[in-house]
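Close look at the chain arrangement
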Protein chains: 2
Amino acid sequence: MSGAPAIPRICVIGVGLIGGSLMRALRLAGHVGEVVGCGRSLENLRHAVRLGVIDRYETEPARAVDGADVVVLALPLGVMESVMRAMAPGLPEQCVITDAGSAKVSVVHAARAALPDHFTSFVPGHPIAGTEKSGVEASFPDLYRGRRVILTPCAETSSEAVDRVATLWRVAGADVSEMDAAHHDQVLAATSHLPHVLAYGLVDALSRWSDRDEIFRYAAGGFRDFTRIASSDPEMWRDICLANHEALTAALERYARELDALTDAVRNRDGERLKAVFSNAREARERFLAMLEG
Amino acid sequence: MSGAPAIPRICVIGVGLIGGSLMRALRLAGHVGEVVGCGRSLENLRHAVRLGVIDRYETEPARAVDGADVVVLALPLGVMESVMRAMAPGLPEQCVITDAGSAKVSVVHAARAALPDHFTSFVPGHPIAGTEKSGVEASFPDLYRGRRVILTPCAETSSEAVDRVATLWRVAGADVSEMDAAHHDQVLAATSHLPHVLAYGLVDALSRWSDRDEIFRYAAGGFRDFTRIASSDPEMWRDICLANHEALTAALERYARELDALTDAVRNRDGERLKAVFSNAREARERFLAMLEG
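Here's a quick rundown of the structure. For every chain, the first residue of its written sequence is number 1, and the numbers climb from 1 along that sequence. Key to labels: chains lettered from A, ligands numbered from 1, both in the order written. Two thresholds apply to this predicted model, a pLDDT of at least 70 for residue-level local features and 80 or more for giving and counting side-chain atom pairs, whereas whole-chain, interface and lining totals are computed over all residues.

Here's the deal with the overall build of chain A
- Scanning chain A for helices and strands turns up 12 helices and 9 strands.
- If one aligns the C-alpha atoms of chain A with their principal axes, the spans along those axes are about 70 × 40 × 35 Å.
- Field definition: a residue is buried when 20 or more other C-beta atoms are found within 10 Å of its C-beta, exposed when 12 or fewer are, and partly exposed for counts in between, with C-beta atoms placed from the backbone. A buried classification covers 52% of the 294 residues belonging to chain A. Put simply, DSSP H or I for four residues or longer makes a helix, DSSP E for two residues or longer makes a strand, and each gets a number counted from the N terminus.

Structural data, given as structure tokens:
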């Protein structure tokens with residue numbers, strides 16, 4: 001390491017898998033000086049200090065952000081706005097703020113309302129990464145290596161703030177791109193939020209069907225893969241569905257129409273149509289995998 | 001090996017992953033004497049001989065079954081009845097016949113129509129096993145070890161024939177149970193056929209949405225797992241959907257109603273309902289995994 005770190009003091013509000021992994025990566029790269037953690041659980045914060053993820057902690061957001069050059073909000077979407085309001089009085093004037101929420105329009109609304117004096121320094125962000133585990137003990141510095149991070153700055157967002165946040169994620173190994181917040185929410189509704197609701201909905205439905213024990217007993221490996229995402233954290237996903245309810249409702253309605261047509265094909269024994277849909281899906285998935293690898 | 005094999009001559013019609021793996025397991029156990037293969041592709045049959053999966057082959061079903069003690073139909077559902085008709089003239093009187101189709105009511109209908117003189121010796125079966133690969137070169141003797149096989153005998157089916165087929169699968173390492181054919185089709189519609197149609201339908205739909213390139217570009221690991229079953233063989237799944245169209249249509253209609261209710265919860269921002277559904281799904285999946293392991 002030569003010279004002073006790029007970010008002398010960083011504050012992470014929410015020290016779990018997402019925030020903790022980012023801090024580990026930034027520390028390892030020598031990109032940050034002091035790391036201040038903030039959260040509701042003292043036990044978790046103390047654990048984060050012991051693990052070397054943060055240097056010290058505060059439980060009050062306004063105190064935690066004091067003197068910070070960058071603040072990262074790695075929080076459930078449901079508490080984003082209230083934490084923004086709580087930290088606002090303590091934010092230094094030049095501080096750059098970013099978040100890691102899975103929906104972006106609602107976060108932009110929240111920041112516009114709760115951080116009026118810092119809105120131009122707020123850079124909405126979404127790292128597309130995670131594991132089935134959660135908590136700071138699951139954090140690791142390579143979580144973002146090779147993963148995508150989408151930033152959704154607004155017209156008013158300062159380009160210096162965007163650069164600072166983009167650099168931070170690149171230092172952590174991520175592939176950073178920019179997108180309009182509403183477009184982000186539509187794309188993620190299709191790619192991630194819709195499949196989660198479909199999988200949750202299927203397992204919930206089957207668990208209430210009368211022959212559920214036999215259904216589960218005779219499930220094979222395909223069912224396990226298909227429903228893996230139904231083991232995700234229910235509160236986090238409730239928050240995501242609420243935050244992105246418009247784009248997700250549109251995606252669900254659209255999918256329901258597609259499923260209706262497919263159900264007609266099954267009902268009418270339309271083998272040609274079924275084969276065409278299945279073949280197209282298989283080819284599209286293969287193209288998609290090739291694109292991800294290429 | 002001591003004494004004569006339990007099945008002096010077995011005939012397998014369809015020498016791919018399913019039929020080939022069963023023959024490998026039965027040979028390894030010394031449970032069968034001569035193995036006669038039958039199929040449309042000479043190249044595949046020759047390959048199966050070279051691999052030691054079968055001893056010899058015939059391309060005419062009626063000739064292939066000549067002198068067989070047991071016949072295994074490891075065929076796509078779409079050709080099951082025509083192959084039964086083709087083999088009927090050559091079937092020895094005491095021959096036991098079974099199949100490995102993923103839907104059972106349609107196979108029972110086919111056997112009743114095509115094998116009237118042998119219907120009491122026909123034991124419908126369904127091994128719940130497979131990989132994403134297919135073909136005899138993908139076959140291996142342990143495919144059925146610890147996997148479930150469901151037999152769906154009718155009232156007329158001879159119990160000796162059922163015993164013979166159950167023993168054969170147990171020798172291959174499977175856990176054999178019996179079920180009514182219609183009930184089998186309902187259970188498998190929910191567990192397997194419905195998820196496949198949902199996954200195929202999702203990938204097909206997304207591939208036609210205008211922003212599909214971005215959708216696929218930003219898909220994460222969860223999407224990959226969720227859609228893995230959409231890489232299954234389209235013709236095989238067309239056949240399964242056609243064969244089990246009644247139970248599958250009912251399952252699709254039922255799921256559509258559940259999805260409607262869940263969409264309402266998203267649209268109305270009903271966080272309590274969403275959390276309840278997601279939590280129930282996660283718990284049900286955990287119970288199911290524990291049951292599979294226990």
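Things to note about unusual backbone geometry
Residue and element names in this part refer to chain A.
- Phi is positive for Arg269, which is not a glycine, with a value near 50°.
- Examined against the element boundaries, Arg269 turns out to sit in the loop between helix H11 (245-267) and helix H12 (271-293).
- The exposure class assigned to Arg269 is partly exposed, which follows from the 14 C-beta atoms found within 10 Å.

Structural notes on the sheet that holds strand E2 (residues 32-38) of chain A
Residue and element names in this part refer to chain A.
- Paired strands, as defined in this entry, are two strands with at least two bridges between them according to DSSP. Spatial ordering of the open sheet is given by E3-E2-E1-E4-E5-E6, a layout of 6 strands whose pairing is parallel. The outermost strands of the open sheet, each flanked by one partner alone, are strand E3 (56-58) and strand E6 (122-123).
- Bridge analysis of strand E5 (residues 96-99) against E6 gives 2 bridges, and the strand direction is parallel. In the strand pairing of E6, Thr98 is matched with Val123.
- Of the strands in this sheet, strand E1 (7-13), E2 and strand E4 (70-73) are in contact with helix H1 (residues 17-28), which crosses E2 at around 165°. Two residues qualify as a contact pair if the distance between their C-beta atoms, derived from the backbone, is within 7 Å. Where helices are involved, their axes are fitted lines through C-alpha atoms of the stretch in contact, as for all axes, and angles between N-to-C directions lie from 0 to 180°.

So, the pairing of E4(A)
Residues and elements named next belong to chain A.
- Residues Val70 and Val72 of E4 are buried on one face, and the alternating residues Val71 and Leu73, pointing to the opposite face, are buried as well.
- Bridge analysis of E1 against E4 gives 4 bridges, and the strand direction is parallel. For Ile10, the partnering residue across the bridge sits in E4 and is Val70.
- Place the viewer so that the strands point away; then a crossover is right-handed whenever the path from the first strand over the helix to the second strand goes clockwise. Between E4 and its parallel partner E5, the chain crosses via helix H4 (residues 80-87), and the hand of that crossover is right-handed.

Describing the interface of chain B and chain A
- Facing 73 residues of chain B, the contacting portion of chain A comprises 73 residues.
- For the side of chain B that touches chain A, the secondary-structure elements that each account for two or more residues are strand E8 (148-151), helix H7 (181-208), helix H8 (212-217), helix H9 (221-226), helix H10 (234-243), helix H11 (245-267) and helix H12 (271-293) of chain B.
- Ranked by residue count, the leading element in the side of chain B that touches chain A is H7(B), at 18 residues.
- Residues were grouped as follows: Ala, Val, Leu, Ile, Met, Phe, Trp, Tyr, Cys and Pro as nonpolar; Asp, Glu, Lys and Arg as charged; and all remaining residues, including Gly, as polar. For the side of chain B that touches chain A, the residue count by class is 42 nonpolar, 14 polar and 17 charged.

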